[in-house]
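Report on the structure
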Amino acid sequence: MSEMKIKFNPDLAHQNDAINAVVGVFEGQETFQSNFSVSQNALSNEQLGLFAKNNDIGVANALSLLPEELYENTRNVQLINGLPQTETSKQALPSLDFTIEMETGTGKTYVYLRSAFELNQRYGLTKFIIVVPSVAIKEGVYKSLQITEDHFRKEYKNVQYDYFVYDSSKREQVRNFATNDYIQIMVINIDAFSGAFDDKSTAKSNKARRLINQTDDRLNGMKPIEFIQATNPIVLIDEPQTSVSTPTRKKAIANLNPLCTFRYSATLTEKHNLLYKLDSI
């Protein structure tokens, strides 16, 4: 008896609208097929020296658009989707944090996974981190990546990509994330890297969470977080009202050195540059 496989419909209008909203932010962006230089904004000269010394050539996301172009793109996406347009006097976005509001059960996880493939196909972006608020959701996202694998390979011409759940005992995964030149998707629980910013945690319970910020001999004396920061990842935040609900967690997200963040939820408490809204009405 053959195993039953779930079939995914790539043509649902509401999902494509949400994906196009994300893609539209980067309209006019140059395609970086493979950027083999580590982002110097993310690393100190000493850290760059370590990369060079150990032949770790990092591949980073990069933006070619000017602030005013990102601003106009965002306002255009908002106009298309009938949403209030971001207004600033400087013709620049207050932050590169964006929000997609989708009702539960409408395919939110599929949308942000497919958005990563679209951003790669159109603009050559390769580094993506999915931040989740709990172990249960982390396992659910990983399962979604497994069951959509055939679908995405078919839709994107057998594109090469890796996905994994961050594990503090397998820090070599972080080196691969930084140095591979094709799509990398890391799924990580916010608690796995926010501990360094939480003074109230006990030393024992916080030990595993602090490992990401500690030097590691297996990484030639570098910290796992430094590899991540160097890539300027696009951070996809699942359930931000929980994932980034405290100042500590917001600091932790900023410490990833994201190129930009996209927040996905049905129950938002903060709406940074709202791009798309699919509510019960």
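Because the structure is a prediction, the values reported are computed rather than measured.

Quick notes on the overall build of the protein
Within the protein, the secondary structure is distributed over twelve helices and seven strands. In the protein, which comprises 281 residues, the share counted as buried stands at 53%. By sequence separation, contacts in the protein at least 24 residues apart represent 73% of the contacts at least 6 residues apart. Carbon and sulfur atoms make up 48% of the accessible area of the protein, which totals about 13600 Å².

Some words on the pairing of strand β6 (residues 260–265)
Counting buried residues in β6 gives six out of six residues, a clear majority hidden from the surface. Burial of the side chains of β6 extends over both faces: Cys260, Phe262 and Tyr264 are buried on one face and Thr261, Arg263 and Ser265 on the other. The pairing of strand β1 (residues 97–102) with β6 spans five bridges and is parallel. Bridging from a neighbouring strand, Thr99 pairs with Arg263 of β6.

Quick word on the nonpolar core
Within the largest apolar cluster, 45 residues are counted, with the highest numbers of intra-cluster contacts made by Ile100, Leu119, Ile130, Ile185, Ile234 and Phe262. Looking at which element gives the most residues to this core, the answer is helix α4 (residues 108–123), with eight residues. Judged by nonpolar contacts, the second largest core, of 24 residues, contains Phe164, Ala192, Phe193 and Met222.

As for the environment of Ile228
Relative to the helices and strands, Ile228 resides in helix α10 (residues 224–230). Considering only alpha carbons, one finds Ile228 and Pro258, 30 residues apart in sequence, at a separation of 9.1 Å. Aside from chain neighbours lying at most four places away, what touches Ile228 is Ile129, Val174, Met186, Ile212, Pro233 and Leu256.

Brief notes about the packing of aromatic side chains
All told, the structure shown has 13 aromatic pairs when counted by the stated rule. With a centroid separation of 5.4 Å and 20 degrees between ring planes, the pair formed by Phe117 and Tyr156 is classed as stacked. Taken as a pair, Phe117 in helix α4 and Tyr156 in the loop between α6 (149–155) and β3 (161–165) lie far apart in primary sequence, 39 residues in all. The two residues Phe117 and Tyr156 agree in class, both being buried. Among the aromatic residues, those joined into a ring-pair cluster are Phe8, Tyr110, Phe117, Tyr142, Phe152, Tyr156, Tyr161 and Tyr163. The ring of Phe177 carries the charged tip of Lys127 above its face, separated from the ring centre by 5.8 Å.

Concerning the sheet that holds β1
Taking strand neighbours across the sheet as the criterion, the seven strands line up as β3-β4-β2-β5-β6-β1-β7 in an open arrangement whose pairing is parallel. In the strand order of this sheet, the two ends are held by β3 and β7 (274–278), each with one partner. In this sheet, adjacent strand axes meet at a mean angle of 15 degrees when their direction is disregarded. In this sheet, strand β4 (residues 183–189) lies alongside β3 in parallel orientation, the contact comprising five bridges. Bridged to Tyr163 within β4 is Ile185. In this fold helix α1 (residues 13–24) packs onto β1, β6 and β7, with an angle of close to 170 degrees to the strand it touches most, β7.

Structural notes on the side chain of Lys108
Within the secondary structure, Lys108 is located in helix α4. Residue classification places Lys108 among the buried positions, given a relative accessible area of 12%. Contact partners of Lys108, with chain neighbours within four places excluded, come to Met102, Asp238, Glu239, Tyr264 and Ser265.

A closer look at unusual backbone geometry
The backbone phi angle of Gln91 is positive, close to 55 degrees, even though this residue is not glycine. Among the secondary structure elements, Gln91 is positioned in the loop between α3 (67–80) and β1. Gln91 sits in the partly exposed class, given a relative accessible area of 40%. Even without a glycine there, the phi angle at Asn232 is positive, about 45 degrees.

Topic: the environment of Pro10
Turning to its location among the elements, Pro10 is positioned in the segment before α1. If sequence neighbours within four positions are ignored, Pro10 has contacts with Asn16, Tyr110, Arg114, His151 and Glu155.

Parameters at a glance
- Residues numbered from 1 in each chain as written.
- Predicted model: local features only at pLDDT ≥ 70, side-chain atom pairs only at ≥ 80, totals over all residues.
- Heavy atoms only, no water.
- Helix = DSSP H or I, 4+ residues; strand = E, 2+ residues; numbered from the N terminus.
- Buried < 20%, exposed > 50% of the residue type's maximum accessible area, 1.4 Å probe, protein only.
- Contact = heavy atoms within 4.5 Å.
- Areas by Shrake-Rupley, 256 points an atom, 1.4 Å probe, with all protein chains shown as cover.
- Pairing = 2+ DSSP bridges.
- Core = buried A, V, L, I, M, F, W, Y, C linked by side-chain atoms within 4.5 Å.
- Phe/Tyr/Trp six-rings, centres within 6.5 Å; stacked < 30°, edge-to-face > 60°.
- Lys NZ or Arg CZ within 6 Å of the ring centre and 35° of its normal.
- Axes fitted to C-alpha atoms, helices over the stretch in contact; angles between N-to-C directions.

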